[in-house]
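Each chain is listed here by its residues.
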Amino acid sequence: MAPYETEDSQGGRSAVRRKAVRYAVPVTVVGVAAAAIGLVPALADSGDPDLPKISARELIEKIAASDTEQLSGTVKIHTDLGLPSLGGAASSFGGGAGKGSSSADPKEKLTELASGTHTLRVAADGQDRQKLSVLDDASEYSVIHNGDDLWAYDSASDEAYHATTEGKGDTGQRSSGAPATPKELTDEILKASGDHTSITVDGTAQVAGRDAYRLQIKPKQSGSTVGAVTVAVDAKTGTPLKFTLTPSSGGAAVVDAGFTSVDFGKPAASTFDFKPAKGTKVTEADDVPAQDRPGTGHEEFKGAQGLDGLDVIGEGWTSVAELKLPKEAAGLASGAGSADLPADASQFLDSLGDRVKGDFGSGTVYSTRLINVLVTEDGTVYAGAVTKDALVKAADAG
């Protein structure tokens, strides 16, 4: 199968592709990895069904044309960024929930999905009703969007969080700041795909008992930490059923999210009903300081207090985001240390990074299997889904 961009050059830029290109790939990947981490499964395909041939262009158009608005099912999630366990060291940095916040606040709770394997139950009935539940052995955490109301409930602490979405546009599950289904993850990647990307159909699979095509998305540039993204697309509805991101370094998937069961029927209306029981502690969003409220990921990243703004160096999969840290945070983040930081926390921070030098000066690179971040001693931050060498090269160019 020829790459998608070759097919496109023969037939002109389609409306689907025009919507899907011209986004900064590293910023998108950082958003998917950092905000949505953990929303995906280790799921074995069961057989390769015999389906009619389809081109990459046709499969992308099938995804874009999918009118699936009603579904329910179980999603299995596995995320492996290669992050070290913080253990008790995290408390040395102050940490904790913001003033007036709740343990049920999505901004606080969904960070727990940053690693490991998780099981989610999802349901959707159009743009106005969605529900996502994270299932643990002895507890359940749910985010419910029903009309103008957004509720989150943590059964372990018996705390609830409530916000209203009236007049705030399309919120849905994105009110939590994280893509919550394989389709949302796929949309993010397709928006970032352009002339530096090869998109092909890589056979078929069966996921959650349904026949699917495998869409494979690969960077054409060297220097990216992304090896490939593979999406299993339901052959009948065009709905992505499974999303897998593998690193260029090889090994297990960094993000693997997919349905283990799915039903495209209309969920019962009661699925989206929620009323806190007597005695449940309820936190209203309007009572929480603005900086502690859930956001939408990219907006928080660009608009964080004390940052000078965001520039992008390069293009495609090897582009790098550049921004400035506040002066008070620059020395600490770059590994220069701080007199106000406990010795054990300072040593822990130093152990996470590698000191590097270049035309930019000197700084520290903090690495995961997908994202590398360079913090220089003058407080400039460079971040992207690129190798350490590519990151230093971008910093020199910047």
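For every chain, the first residue of its written sequence is number 1, and the numbers climb from 1 along that sequence. At least 70 in pLDDT is required for a residue's local features to be given in this predicted model, at least 80 for side-chain atom pairs to be given and counted, and no such filter applies to totals for whole chains, interfaces and linings, which use all residues. For side-chain calculations, the full set of non-hydrogen atoms in the structure is used, while hydrogens and water are omitted.

### Brief notes about the overall build of the protein chain
Next up, step 1: Labels follow the DSSP assignment, with helices taken as runs of H or I lasting at least four residues and strands as runs of E lasting at least two, numbered in each case from the N terminus. Scanning the protein chain from N- to C-terminus turns up ten helices and 18 strands.
Next up, step 2: A 1.4 Å probe rolled over the protein chains alone gives each residue an accessible area, and that area as a share of the maximum for its type sets the label: buried under 20%, exposed over 50%, partly exposed in between. Within the protein chain, buried positions represent 48% of all 398 residues.
Next up, step 3: Summarising the internal contacts of the protein chain: among those between residues at least 6 apart in sequence, 62% fall at separations of at least 24.
Next up, step 4: For the protein chain, the accessible area works out to roughly 18400 Å², and carbon and sulfur atoms hold 48% of it. The contact rule is simple, with two residues in contact once any of their heavy atoms fall within 4.5 Å. The method behind every accessible area is Shrake-Rupley, applied with a 1.4 Å probe, and residues are considered shielded solely by the protein chains displayed.

### Some points on the sheet that holds strand β18 (residues 380-384)
Next up, step 1: Pairing is antiparallel across the open sheet formed by six strands, whose spatial order is β13-β14-β18-β17-β16-β15. Both edges of this open sheet fall to β13 (310-313) and β15 (353-358), since each of them pairs with a single strand only. With strand direction ignored, the average angle separating the axes of adjacent strands in the sheet is 25°.
Next up, step 2: Should DSSP find at least two bridges between two strands, the strands are taken to pair. Judged from the four bridges that link them, β13 and strand β14 (residues 320-324) form a sheet pairing that is antiparallel. For Asp311, the partnering residue across the bridge sits in β14 and is Glu322. Note on definitions: angles span 0 to 180 degrees between N-to-C directions of axes, and those axes are lines fitted to C-alpha atoms, for helices only across the stretch in contact.

### Section: the side chain of Thr119
Next up, step 1: Considering the arrangement of structural elements, one finds Thr119 in strand β2 (residues 116-125).
Next up, step 2: Any pair of N or O atoms that falls within 3.5 Å is considered a polar contact. Within protein, one atom must be able to donate a hydrogen and the other to accept it, and sequence-neighbouring residues count only if both atoms are side-chain atoms. Separated by 3.5 Å, the side chains of Thr119 and Lys76 make a polar contact.
Next up, step 3: In this structure Thr119 touches Thr74, Val75, Lys76, Ser133, Val134 and Leu135, once residues within four positions along its chain are discounted.

### Points about helix α10 (residues 388-397)
Next up, step 1: Turning to α10, its buried residues are Leu391, Val392, Ala394 and Ala395. For α10, the angular spread of the buried residues around the axis is 160°, confining them to a single face. Facing away from the buried side of α10, by more than 90 degrees, are the exposed residues Asp389, Lys393 and Ala397.
Next up, step 2: Against the buried residues of α10 lie β13, β14, β15, β16 (361-367), β17 (372-376) and β18. The directions from the helix axis to the C-beta atoms are what the arc is built from.

### Regarding the sheet that holds strand β11 (residues 255-263)
Next up, step 1: Pairing in this open sheet of twelve strands is mixed, and the strands run β7-β8-β9-β10-β11-β1-β2-β3-β4-β5-β6-β12 from one edge to the other. The two strands at the open ends of the sheet, each matched to only one other strand, are β7 (197-207) and β12 (281-284). Sheet twist, expressed as the mean angle between neighbouring strand axes with direction ignored, is 15°.
Next up, step 2: Of the strand pairs in this sheet, strand β6 (residues 159-164) and β12 are connected by four bridges, and their pairing is parallel. Paired with His162 across the strands is Glu284, a residue of β12.
Next up, step 3: Strand contacts of helix α4 (residues 56-65): β7, β8 (210-219), β9 (226-234) and β10 (240-247), with the helix running at about 70° to β7, the strand carrying the most contacts.
Next up, step 4: Across the face of the sheet, helix α6 (residues 182-191) comes into contact with β7, β8, β9, β10 and β11 while running at roughly 55° to β10.

### As for the pairing of β16
Next up, step 1: In terms of burial, β16 is a largely internal element, five of the seven residues being buried.
Next up, step 2: Following β15, the chain reverses through two residues before pairing antiparallel with β16.
Next up, step 3: One ladder, built from five bridges, connects β16 with β17; its direction is antiparallel. Within β17, the residue paired with Gly363 across the bridge is Thr376.
Next up, step 4: Connecting the antiparallel pair β16 and β17 is a turn made up of four residues.

### Considerations on the nonpolar core
Next up, step 1: Here the nonpolar core consists of buried residues drawn from Ala, Val, Leu, Ile, Met, Phe, Trp, Tyr and Cys, with membership extended through side-chain atoms lying within 4.5 Å. Leu215, Ile217, Val229 and Phe243 are the most contacted members of the largest nonpolar core, which totals 29 residues.
Next up, step 2: Apart from residues no more than four positions distant in its own chain, Ile217 is found in contact with Ile189, Leu190, Ser193, Thr197, Ser198, Ile199, Ala228, Val229 and Trp317.
Next up, step 3: Counting residues in each nonpolar core, the second largest holds 22 residues, with Val75, Leu110, Leu120 and Tyr161 among its members.

### Some details on the confidence of the model for the protein chain
Next up, step 1: Overall, the predicted model of the protein chain reaches an average pLDDT of 76, with 67% of residues at or above 70.
Next up, step 2: Mean pLDDT per element in the protein chain: helix α7 (residues 298-303) is the minimum at 38, and β8 is the maximum at 96.
Next up, step 3: You can read pLDDT as the predictor saying how much it trusts each residue, on a scale of 0 to 100. Taken together, the stretch residues 85-97 has pLDDT below 50 and engages in eleven contacts with residues farther than four places along the chain or on a different chain.
Next up, step 4: Taken together, the stretch residues 295-307 has pLDDT below 50 and engages in 26 contacts with residues farther than four places along the chain or on a different chain.

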